[in-house]
Amino acid sequence: MITVGDQKLDWHEGITISEVLEKIDNTDLCAVVRLNGKLVSSPHFDTTVIPDQSEIDILPPVAGG
Amino acid sequence: MAQINLKEIKSIPYERAEIDKGYTDKSLHINLDSNDISIKSIDEKVKKRFIGGKGYDLWYLWNAVSGSTKWDDPENAICISSGPLGGTPGYPGGGKSIVTSISPLTSAPIDSNVGGYFGPYKKFSGFDLMEITGKADKEIVIFIDGIEQEIKLYEAGNLPSDSYELSESLTYHFDPDKPVNVSVVSAGPGAENTNFGCLNFTWFDTPRKIVRYKQAGRGGTGTVLADKKVKAIVARWGSVSMKTNNPADLEGVKKVTKMHAKEINELDPKQRRMATVGTTHIVPIMNDHDCLPVNNFQYGTHPEGKNVGEDVYDRIFDKGFDGCWKGCAVACAHMVKDFMPVSGPYKGKKVVVDGPEYETAAGCGSNLGIFDPFAVLEINFYCDAYGLDTISVGTAIGFVMECYERGLITDRHTGGMDLSFGNKINALELIHQMAEGKGFGAVVGKGIRQMKKIFAEEYGADSEMMEDIGMESKGLEFSEYITKESLAQQGGYGLALKGPQHDEAWLIFLDMVHNFMPTFEDKAEALHWFPMFRTWFSLCGLCKLPWNDIVPADNHETKEPAKVIKHVEWYADLFSSVTGRKVKPDDLLLMSEAVYNFQRIFNLKMGFGTRAHDTVPYRAVGPVTEEEYLSRQDRYDKDLTEKYSVDISGMDTSGKLAALREKREDQYEQLTDAVYERRGWTSDGIPTVETVKRLGLDFPEVLEVLKQNGVE
């Protein structure tokens, strides 16, 4: 199981952040997530594999300093 | 702690104006030529048109100077205002001050938005704005005592020179029993000896029992204060509650404050973690997206980039409440305690470092090829203690390091110092020299624009190369983002009123990552809306961060998520509740648009404010060197072939570099045209008469400036 905000998604071996975001609405502007508290940026979404029982938070559009 | 020796030279009692709906409607004027202190009423028309904060600052500064006033002329003023919403405890980011003056770097108006308690304390003491003109004969301290209702001037003999020790000493001197009642504004030796001196604004951290600091960094306001021989400005005020600002609708203020603070408390831990790591979270994000300045903005990423970001500072920051205003839920002003510098006057002593924030970590870290988080801390500490703007310091040293590596300057010019990228010891040595105004540091402290001239005329360095790689526009050093792949952000920097600071517009991700504004018109619209809305925070005494750094959970479902419209509505509610002036979100933009255009015309009055001054160095637009091109060859080749339909077969890197430059420079000009049109300006970047009339700015003196520049 993967928790994304208030949604629960099924986990499978090798699932990536890109796959998870495809299952969530309105993630077009998502460039950064926190995976179990750690930042992961969009260039790494395809290659970052998610462990089971992970929590993902989608960060709002990056807004600068 | 240093012993304080102050000699009172002037004292006037005054009757404190009561706050009415966020305003005192009074201004405090101190002329140091004559030590004259006066209190004046603020005209209702000024209030309506300029709102407060930066708007008030600019109006009073406009009236203080002529078009020929230089930054170090006595008539140049330093204006400091809060704003009608400033001083609302618990409202996130609700305690800002805005400092404005004619800048030593740009010779035009500069503004800086800064935290700490000074702005609200000054307002509650009876003054929406304070204006300092003239120059003192000897170093002085200005004391605004809102509790005793007295303004005092002191001669300040033998005060500590660095801003940290000075501020701490003055805090305990003026209220030893309740240091939280005191906020100090001070510069430092770096401000005396460079053109980019900053101002430290303090707040007392009661749980930790220490004085904390925020910086009005940009454009050399500290240099102006030091030139006036003002050692410090001190405000003293007592307790603060929501009633202190005497809002028109107290319950309305409580309601919106509670909503905004609650949302931040709930969502910040899942979003940016500002209350834990501050803006250091931006470092790894920029590094991953090729936007972190590395080695003088040549590159956007580095394998060690994360070493100066949140992963490391999360472990180093002292845990506790770090709000630079009372009850702020964002609370991003983090600190490191018991840090021990390895150089300079504090070598081997334990100190507190306020920071670093993103700009310091990027500018004084990665941009210098320094990826040691402790070296960044030491640079941060000394810049603050000396009163130096970390952004200008980082960008200026980055320029010098590249000049050194390219042989444009040599050991002969640097006093024997190896200034290769990554040399943290010599970067620190330069900063110590800047503070003392000695050695090569004294040259660097003049800023990039003057360095380019000196290096060319005195050292024989290649001017064309320096124009390309010297990251300044309008004379101000760039803040710390790579803009090569975001045309909108090139405009965000180049078309900004005061110079390349990101507080007007930060559009890199919307543009570069999301391609959310594909046409020139889309970009121009963004370069209208965002600068206007961001300007509004500085009219009101607020911080921008709570607007769009922590956003509602359902924000992504809105039509334009980047605008965070729910928060814009909350800001309209807050403004209405405090001032009693019922406004809608669009009204906020109109407030800003008037002040924004006024500042543009102010630039014009000072001899700037036209298209010729809205340029950026080519490093901000595209690759200057073949190494830069090759570092992103796939992207640039694709741009040439797909975007610009250029046949690159048979072209060498040098040819492709030239072809890309021609296209990109042309794009910047097209963007400039589109933005000017959207803003209601002429093709030379001057507001039209129609625009100033629409905004109610058609005062005779404004129309006269336009007329002098051919706009009637």
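Residues numbered from 1 in each chain as written. Chains lettered and ligands numbered in written order. Predicted model: local features only at pLDDT ≥ 70, side-chain atom pairs only at ≥ 80, totals over all residues.

Colleague: Would you explain the overall build of chain B in this entry?
Modeller: Helix and strand counts for chain B come out as 29 helices and 17 strands. Computed over the C-alpha atoms, the radius of gyration of chain B is 24 Å, within 12% of the 27 Å expected from 2.2 N^0.38 for a compact globule of 712 residues. Along the longest, intermediate and shortest principal axes, the C-alpha atoms of chain B span 80 × 55 × 55 Å. Of the contacts made within chain B by residues no fewer than 6 positions apart, 71% connect residues no fewer than 24 positions apart. (Helix = DSSP H or I, 4+ residues; strand = E, 2+ residues; numbered from the N terminus. Rg over C-alpha atoms; globule rule 2.2 N^0.38 Å. Contact = placed C-beta atoms within 7 Å.)

Colleague: Sorry, what's going on with the sheet that holds strand S2 (residues 7-9) of chain A here?
Modeller: Backbone-to-backbone hydrogen bonds pair the strands of a sheet. The strands run either parallel or antiparallel. Residue and element names in this part refer to chain A. In spatial order, the strands read S2-S1-S5-S3-S4; together these five strands make up an open sheet with mixed pairing. The sheet is open, and its two borders are formed by S2 and strand S4 (38-41), each paired with just one other strand. Recorded for the sheet is a direction-independent mean angle of 30 degrees between the axes of neighbouring strands. Pairing geometry for strand S1 (residues 2-4) and strand S5 (residues 55-58), over two bridges, is parallel. In the sheet register, Val4 faces S5, and the bridge partner there is Ile56. (Pairing = 2+ DSSP bridges. Axes fitted to C-alpha atoms, helices over the stretch in contact; angles between N-to-C directions.)

Colleague: I keep staring at the packing of helix H12 (residues 373-386) of chain B against helix H15 (residues 424-436) of chain B and nothing clicks. Help me out?
Modeller: Helix-helix packing: each pair is described by the crossing angle between the helix axes and the interaxial distance. Residues and elements named next belong to chain B. Where H12 contacts H15, the two axes come as close as 10 Å, and the packing angle between them is 0 degrees. Judged by the angle between their axes, H12 and H15 are roughly parallel. Here H12 contributes Ala375, Glu378, Ile379, Tyr382, Cys383 and Tyr386 to the contact with H15, which in turn contributes Lys424, Ala427, Leu428, Ile431 and Ala435. For the contact of H12 with H15, the residue count by class is nine nonpolar, no polar and two charged. (Parallel < 35°, antiparallel > 145°, perpendicular 65-115°, else oblique. Nonpolar A, V, L, I, M, F, W, Y, C, P; charged D, E, K, R; others polar.)

Colleague: In this structure, what is going on with the interface of chain B and chain A? I would like to understand it.
Modeller: How big an interface is tends to be reported as the loss of accessible area on association of its parts. Counting residues at the interface gives 26 residues for chain B and 18 residues for chain A. Where the side of chain B that touches chain A is concerned, the elements lending two or more residues are helix H9 (282-288), helix H11 (358-363) and helix H20 (508-513) of chain B. Ranked by the residues each element gives to the side of chain B that touches chain A, the list is headed by H9 of chain B, at four residues. Considering only residue class, the side of chain B that touches chain A consists of eleven nonpolar, nine polar and six charged.

Colleague: Which parts of the structure should I look at to understand the environment of Leu250 of chain B?
Modeller: All names here are of chain B. If you trace the backbone, Leu250 turns up in helix H7 (residues 250-267). Given 15 C-beta atoms within 10 Å, Leu250 falls into the partly exposed group. With 229 residues separating them along the chain, Leu250 and Lys21 place their C-alpha atoms 9.7 Å apart. (Buried ≥ 20, exposed ≤ 12 C-beta atoms within 10 Å, placed from the backbone.)

Colleague: I keep staring at the packing of helix H26 (residues 633-643) of chain B against helix H27 (residues 653-679) of chain B and nothing clicks. Help me out?
Modeller: Residue and element names in this part refer to chain B. Where H26 contacts H27, the axes come no closer than 10 Å and their chain directions differ by 60 degrees. Comparing their axes, H27 and H26 come out oblique. Considering the relative orientation of H26 and H27, their crossing is left-handed. Counted together, Tyr636, Asp639 and Leu640 of H26 and Lys656, Ala659 and Leu660 of H27 form the full contact between these two elements. Here the contact of H26 with H27 is built from residues that sort into four nonpolar, no polar and two charged. (Left-handed = near helix turned anticlockwise from the far one by under 90°.)

Colleague: Help me understand unusual backbone geometry in this model?
Modeller: Generally, phi is negative for residues other than glycine and the peptide bonds are trans, each holding for most cases. All names here are of chain B. Following Gly355, the chain continues into Pro356 via a peptide bond in cis, with omega recorded as 5 degrees. Looking at the secondary structure, you find Pro356 in the loop between strand S15 (351-354) and H11. The backbone of Arg273 shows a phi angle near 60 degrees, a positive value even though the residue is not glycine. Secondary-structure assignment places Arg273 in the loop between H7 and helix H8 (274-277).

Colleague: Quick question: what am I supposed to make of H12 of chain B here?
Modeller: Note on helix geometry: an α-helix contains 3.6 residues per turn, so any two residues three or four positions apart are oriented the same way. All names here are of chain B. Between its first and last C-alpha, H12 extends 20 Å over 14 residues, near the 20 Å set by a 1.5 Å rise per residue. When you tally the buried positions in H12, you get 13 out of 14 residues, the bulk of the element. Just beyond H12, the residue with positive phi is Gly387, at close to 75 degrees. (Expected span 1.5 Å × (residues − 1).)

Colleague: Can you help me understand the sheet that holds strand S3 (residues 36-41) of chain B in this one?
Modeller: All names here are of chain B. Overall, mixed pairing links the six strands, which are arranged S3-S2-S7-S4-S5-S6 in an open sheet. At either margin of the open sheet sits one strand with a lone partner, and together these are S3 and strand S6 (109-114). If you compare each strand with its neighbour and ignore which way they point, the axes differ by 15 degrees on average. Relative to strand S5 (residues 97-102), strand S4 (residues 78-81) runs antiparallel, the two being bridged by three bridges. Directly across from Ser81, in S5, lies its bridge partner Ile98.

Colleague: Is there a simple way to explain the nonpolar core in this structure?
Modeller: Across soluble globular proteins, you tend to see nonpolar side chains buried next to one another. Residue and element names in this part refer to chain B. Core analysis: the largest hydrophobic core is formed by 235 residues, its most contacted members being Val141, Ile142, Val234 and Ile431. The element best represented in this core is helix H21 (residues 520-540), accounting for eleven residues. In contact with Ile142, not counting residues within four places along its chain, are Ile30, Leu153, Val230, Ile233 and Val234. (Core = buried A, V, L, I, M, F, W, Y, C linked by C-beta atoms within 7 Å.)

Colleague: I'm lost on helix H13 (residues 390-405) of chain B in this one. Help?
Modeller: Residues and elements named next belong to chain B. Across its 16 residues, H13 extends 22 Å between first and last C-alpha, which sits within 8% of the 22 Å expected from 1.5 Å per residue. Counting buried residues in H13 gives 15 out of 16 residues, a clear majority hidden from the surface. Looking one or two residues past H13, Gly407 carries a phi angle of roughly 75 degrees, positive in sign.

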